[in-house]
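# Coordinates in review
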Amino acid sequence: MRSGFIGVIGKANAGKSTLVNVLVGEKVAITSPKPQTTRHSIMGVLTKEEYQLVFVDTPGIYKSANRLTDMMMKATDDAAKDVDFILFVHDGHAGLSDGDIELIKKYASGRTPMAIAYTKIDIMPKENVAADVKTLYENGVECDVFPVSARKHQNINKLEKYLAEKMPEGDKVIAQDIVSDKSEKFMIAEIMREKILLKFDDEIPHGIAVVINTFERQENGVYDINLDIICEKANHKAILIGKQGRAIKEVSSFARSAMEKFLGAKVFLTTYVRVESDWRNRPNLIKDVFIV
C-alpha cells in the first residue's frame, strides 16, 4: 500500500481544480474561467486498493494585492512544505514565459519532489508541447512533465499511476469513504460563489464572498439555507440583484439546483446581497469567508 499527500500548485486558471476533480472522480472544488476561483486549500482523496492519493488543491499563485491574496499565497506555500510530492500545473495553452519558468524552478528547487502537469493539450498545437518541454529542460527544469487534458481525460490514468508510484509506503492517511476534507456547509458556500462567477462573467470583479448564516436540515428532510453575498461597492450590489431582482433570482435558482444535487435533498434557499467596502483587507470579514 502506498499513500501520501500531493500539493497541486500553479498559476491562476491553470486548471488545477478541474484536474483534481477528474483525478478524484468527484467534484471536490468549484471551477470557473476566473482567477481566484479557488481561495482555500481543499483536499480531494482518491482511494484505490493499492494506493491512496490525497490531493491538496491550492489557490492560484498571484502577486500580493490585499490581505485576502496574502492568505491565499500563504496557503499555497504552506502546502508546498507539508506534502510528499508537488504536482505543478501549467496551462500549456497559455504558452511558457520566463516568469513561468522561474516559478516552476522555485518549487522544483525545494526538498519536495515534483512533476509538471502540462494541461489543456486538447486545445493547442501538439508541436507546442514538445517545444515547451525542450525549453524547460534547457532552462534547468529536470522534473518529469505530463501533457494532459482533464476535459478530454487524456493521459489522466497515466498520471495517476505515476503519482501512486511516487507515494511513500504506508497505510491510508484518510478514512476509506472520505473524498474531501471540507464540510457540506463549506461546499454550499462555494457552489453559490461558483454560480455567481459563471453568471456574471466580467461584470463583477472577484471581490465577492459568500457567508452562510443558516444551514439546517428540517424534519421533513428539506435543507433551510440562508446566506449573504458580500460585494465591495453599491453598483456591484445593483448588478448582482438586477432589474426587479431578476439577476439574483436567476443565479439563486441555478445555485439551488446544484445544491440539491450535491446534498441529495430539497433546498429552501434565501439569499441577501450586502456591501462591505474593502472587505478583502478586513481581517474579521476574511475570517468569515475562510471559516464557513
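The structure this text deals with has already been given above.
For the structure given in this document, a descriptive report is provided here. Quick caveat, the model's predicted, so the values are computed rather than measured.

### A few points about the pattern of salt bridges
- Applying the stated criterion across every chain, the model contains 11 salt bridges.
- Two residues, Glu-160 and Lys-48, come together in a salt bridge whose shortest N-O distance is 2.8 Å. With Glu-160 in helix 5 (residues 156–166) and Lys-48 in the loop between strand 2 (42–47) and strand 3 (51–57), this pair connects stretches of sequence that are 112 residues apart.
- Classification of Glu-160 as buried rests on a relative accessible area of 6%.
- One network of salt bridges, with partners in common, ties together Asp-228, Arg-274 and Glu-276.

### Looking at helix 1 (residues 16–24)
- Counting buried residues in helix 1 gives 7 out of 9 residues, a clear majority hidden from the surface.
- Along helix 1, the residues classified as buried are Lys-16, Ser-17, Leu-19, Val-20, Asn-21, Leu-23 and Val-24.
- Considering only its buried residues, helix 1 is in contact with strand 1 (2–9), strand 2, strand 3, strand 4 (85–91), strand 5 (114–119) and helix 5.
- Immediately beyond the C-terminal end of helix 1, within one or two residues, lies Gly-25, with a positive phi of roughly 90°.

### Thoughts on the packing of helix 1 against helix 5
- Two elements in contact, helix 1 and helix 5, have axes whose closest approach is 11 Å; the angle formed by their N-to-C orientations is 80°. Accordingly, the angle class assigned to the pair helix 1 and helix 5 is roughly perpendicular. In contact with Leu-19, Val-22 and Leu-23 of helix 1, helix 5 contributes Ile-156, Leu-159 and Glu-160.
- Taken together, the residues that form the contact of helix 1 with helix 5 break down as 5 nonpolar, no polar and 1 charged.

### Quick look at the packing of helix 7 (residues 234–241) against helix 8 (residues 246–263)
- One way to put it is that helix 7 packs onto helix 8 with a least axis distance of 5 Å and a crossing angle of 65°. Contacts between helix 7 and helix 8 involve Ile-239, Leu-240 and Ile-241 from the former and Arg-246, Ala-247 and Ile-248 from the latter.
- Here the residues of the contact of helix 7 with helix 8 sort into 5 nonpolar, no polar and 1 charged.

### A word on the environment of Ser-277
- Summarising the element assignment, Ser-277 is placed in the loop between strand 9 (267–275) and helix 9 (283–290).
- A sequence separation of 45 residues divides Ser-277 from Glu-232, and the C-alpha atoms of the two residues are 4.4 Å apart.
- Setting aside residues up to four positions removed in sequence, Ser-277 forms contacts with Glu-232 and Arg-282.

### With respect to the pairing of strand 8 (residues 223–231)
- Extensive coverage of strand 8 is indicated by the burial of 8 of its 9 residues.
- Direction of pairing for strand 7 (residues 209–217) relative to strand 8: antiparallel, over a ladder of 8 bridges. Bridging across to strand 8, Val-210 finds its partner in Ile-229.
- The hairpin turn running from strand 7 into strand 8, its antiparallel successor, is 5 residues long, and Gly-221 in that turn takes a positive phi close to 90°.
- One ladder, built from 9 bridges, connects strand 8 with strand 9; its direction is parallel. Each bridged residue has a counterpart across the sheet, and for Ile-225 the counterpart in strand 9 is Leu-269.

### A few points about the sheet that holds strand 1
- The 6 strands are arranged 2-3-1-4-5-6 in an open sheet whose pairing can be described as mixed. Two strands in the sheet have a free side with no partner beyond their single neighbour: strand 2 and strand 6 (145–147). Ignoring which end each strand starts from, the neighbouring axes of this sheet average 25° apart.
- In this structure, strand 5 lies alongside strand 6, joined through 3 bridges in parallel fashion. Bridged to Tyr-118 within strand 6 is Pro-147.
- On top of the sheet, helix 3 (residues 98–108) reaches strand 1, strand 4 and strand 5; it is set at about 175° to strand 4, its chief contact.

### Some remarks on the side chain of Arg-193
- Assignment of secondary structure puts Arg-193 in helix 6 (residues 184–200).
- Arg-193 gets classed as buried once you look at its relative accessible area, which sits at 3%.

### Description of the sheet that holds strand 9
- Taken together, 3 strands build an open sheet; the order of strands is 7-8-9 and the sheet is mixed. The two strands at the open ends of the sheet, each matched to only one other strand, are strand 7 and strand 9. Averaged over all adjacent pairs, the angle separating strand axes in this sheet is 15°, with direction ignored.
- Along the sheet, helix 7 contacts strand 8 and strand 9; its crossing angle with strand 9, the most-contacted strand, is approximately 155°.

### Remarks on the environment of Val-211
- One can find Val-211 in strand 7.
- Take Val-211: its relative accessible area is 11%, and that puts it in the buried class.
- Note: C-alpha distance between Val-211 and Glu-190 (21 residues apart in sequence) is 9.7 Å.

Conventions adopted
Residues numbered from 1 in each chain as written. Predicted model: local features only at pLDDT ≥ 70, side-chain atom pairs only at ≥ 80, totals over all residues. Heavy atoms only, no water. Salt bridge = Lys/Arg side-chain N within 4 Å of Asp/Glu carboxyl O. Helix = DSSP H or I, 4+ residues; strand = E, 2+ residues; numbered from the N terminus. Buried < 20%, exposed > 50% of the residue type's maximum accessible area, 1.4 Å probe, protein only. Contact = heavy atoms within 4.5 Å. Axes fitted to C-alpha atoms, helices over the stretch in contact; angles between N-to-C directions. Parallel < 35°, antiparallel > 145°, perpendicular 65-115°, else oblique. Nonpolar A, V, L, I, M, F, W, Y, C, P; charged D, E, K, R; others polar. Pairing = 2+ DSSP bridges.

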